[in-house]
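Each chain is listed here by its residues.
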Amino acid sequence: AVPNETWMTVSPSSGVGSAIVTVTSEKNELPELRAGEIVFGNRLWLDKNSSSDEVNDMLGIVTIKQSPTLEFSLSADTLFFTPQSDGKSVSITSNLSWEASTRFYWFTLSKTSGEGDGTLVVEATENTSIEKREGTITFKSLAGFSTLTVVQEGVEPVFEVGPDTLSFTYKS
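Residues numbered from 1 in each chain as written. Predicted model: local features only at pLDDT ≥ 70, side-chain atom pairs only at ≥ 80, totals over all residues. Heavy atoms only, no water.

### Quick look at the overall build of the protein chain
Note the cut-off: Helix numbering and strand numbering both begin at the N terminus, where a helix is a DSSP run of H or I of at least 4 residues and a strand a DSSP run of E of at least 2. Think of it in three bands: with a 1.4 Å probe and only protein chains considered, a residue is buried below 20% of the maximum accessible area for its type, exposed above 50%, and partly exposed in between. A 1.4 Å probe and the Shrake-Rupley method give the accessible areas. Residues count as covered only by the protein chains that appear here.
The number of helices and strands found in the protein chain is two helices and 16 strands. Per-residue burial over the protein chain gives 27% buried out of 172 residues. When the accessible area of the protein chain is evaluated, it comes to approximately 11300 Å², of which 50% is carbon and sulfur surface.

### Observations concerning the pattern of salt bridges
Pairing of side chains with opposite charge becomes possible as their charged atoms draw close. The criterion, for reference: The rule for a salt bridge is simple: a side-chain nitrogen of Lys or Arg has to be within 4 Å of a carboxyl oxygen of Asp or Glu.
One pass over the structure, following the stated rule, counts three salt bridges. Ionic pairing is found between K140 and E99, a salt bridge with its closest N-O pair at 3.9 Å. In this pair, K140 sits in strand β13 (residues 133-141) while E99 sits in strand β9 (residues 97-101), placing the two residues 41 residues apart along the sequence.

### Some remarks on the pairing of strand β7 (residues 78-81)
Stated formally: One bridge is not enough; two strands pair if DSSP finds at least two bridges between them.
Covered by surrounding structure in β7 are L79 and F81 only, the residues T78 and F80 on the alternate face being uncovered. Pairing between β7 and strand β14 (residues 144-152): four bridges, direction parallel. Its bridge partner lying in β14, F81 is registered against Q152.

### Considering the nonpolar core
Condition: The criterion is simple. A nonpolar core is a set of buried Ala, Val, Leu, Ile, Met, Phe, Trp, Tyr and Cys residues joined through side-chain atoms within 4.5 Å. Should any heavy atoms of two residues lie within 4.5 Å, those residues are considered in contact.
Of all hydrophobic cores here, the largest spans 19 residues; its most connected members are F107, V122, I137 and F139. Only β6 (72-74), β7, β8 (86-94), β9, β10 (107-109), β12 (118-124), β13 and β14 provide two or more residues apiece to this core. Considering each element in turn, this core owes the most residues, three residues, to β12. Not counting residues up to four positions away in its chain, the partners in contact with F139 are F72, L74, I92, W98, E99, A100, L120, G144, F145, S146 and L148.

### Regarding the packing of aromatic side chains
Here is the rule we go by: When the centres of two rings from Phe, Tyr and Trp lie within 6.5 Å, Trp using its six-membered ring, the rings pair. Their planes under 30 degrees apart give stacked, over 60 give edge-to-face, and anything left gives tilted. For a ring to carry a charge above it, either NZ of a lysine or CZ of an arginine must fall within 6 Å of the ring centroid while also lying within 35 degrees of the normal to the ring plane.
In total, this model carries four aromatic pairs according to the counting rule given. Judged by centre distance (5.7 Å) and plane angle (40°), the rings of F72 and F139 are tilted. Of this pair, F72 sits in strand β6 while F139 sits in strand β13, and the two are 67 residues apart along the sequence. F139 carries the same exposure label as F72, and that label is buried. Each residue in the set F72, W98 and F139 is aromatic and connected to the rest through ring pairs, giving one cluster. Lying across the ring of F81, K88 places its NZ or CZ 5.6 Å from the centre.

### Observations regarding the sheet that holds β13
Here is the rule we go by: Axis definition: a line fitted to C-alpha atoms, limited for helices to the stretch in contact. Angles are taken between N-to-C directions and run from 0 to 180 degrees.
Strand order in this open sheet of five strands is β7-β14-β13-β9-β11, and the pairing throughout is mixed. The open sheet is flanked by β7 and β11 (113-115), the only strands paired with a single partner. Strand-to-strand twist in this sheet, taken as the mean axis angle between neighbours without regard to direction, amounts to 20°.

### Focus on the pairing of β12
Along β12, the buried face is formed by G118, L120, V122 and A124; none of T119, V121 and E123, which line the opposite face, is buried. Where β8 and β12 come together, seven bridges link them in antiparallel fashion. Note on β12: the bridge partner recorded for S91 is T119. Of the pairings in the sheet, the one linking β10 to β12 comprises three bridges and is antiparallel in character. Considered in β12, the bridge of T108 is made with E123.

So, in structure tokens, the structure goes:
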């Protein structure tokens, strides 16, 4: 048995009579289907001892199709920010093209699409509220959807006490 592609191996590759043949393939790193063939039979013997019609009848050809490995992952599930303006990065590992989108106004993305591995920078604006805020970034690729959560803490409240007054404010 002889494969016509280097990403496949056959074991055993030769023998007499009936046998179970195992085909092993390397991981398909491409984002597309690939195919190869395995030829069974002794083509040299058949070519020397048979007509061309007999050769085709006596050879066994099996087509092997391998689906692509669709790879998309993020280096983090969540990015945490303090109340101050800041930027944080997330690494993208992928063999696909991808798109990123968000509906939240308080942070921006350094890019909204890419192909293959890359880095996305998320820039959060200052949070002057005492309320924590949370948003999401949705990534879409052939591998499906992934979500990155973005969390930013609110400012700490400040209590001021004077001789005749009690007031509540927060730092900005």
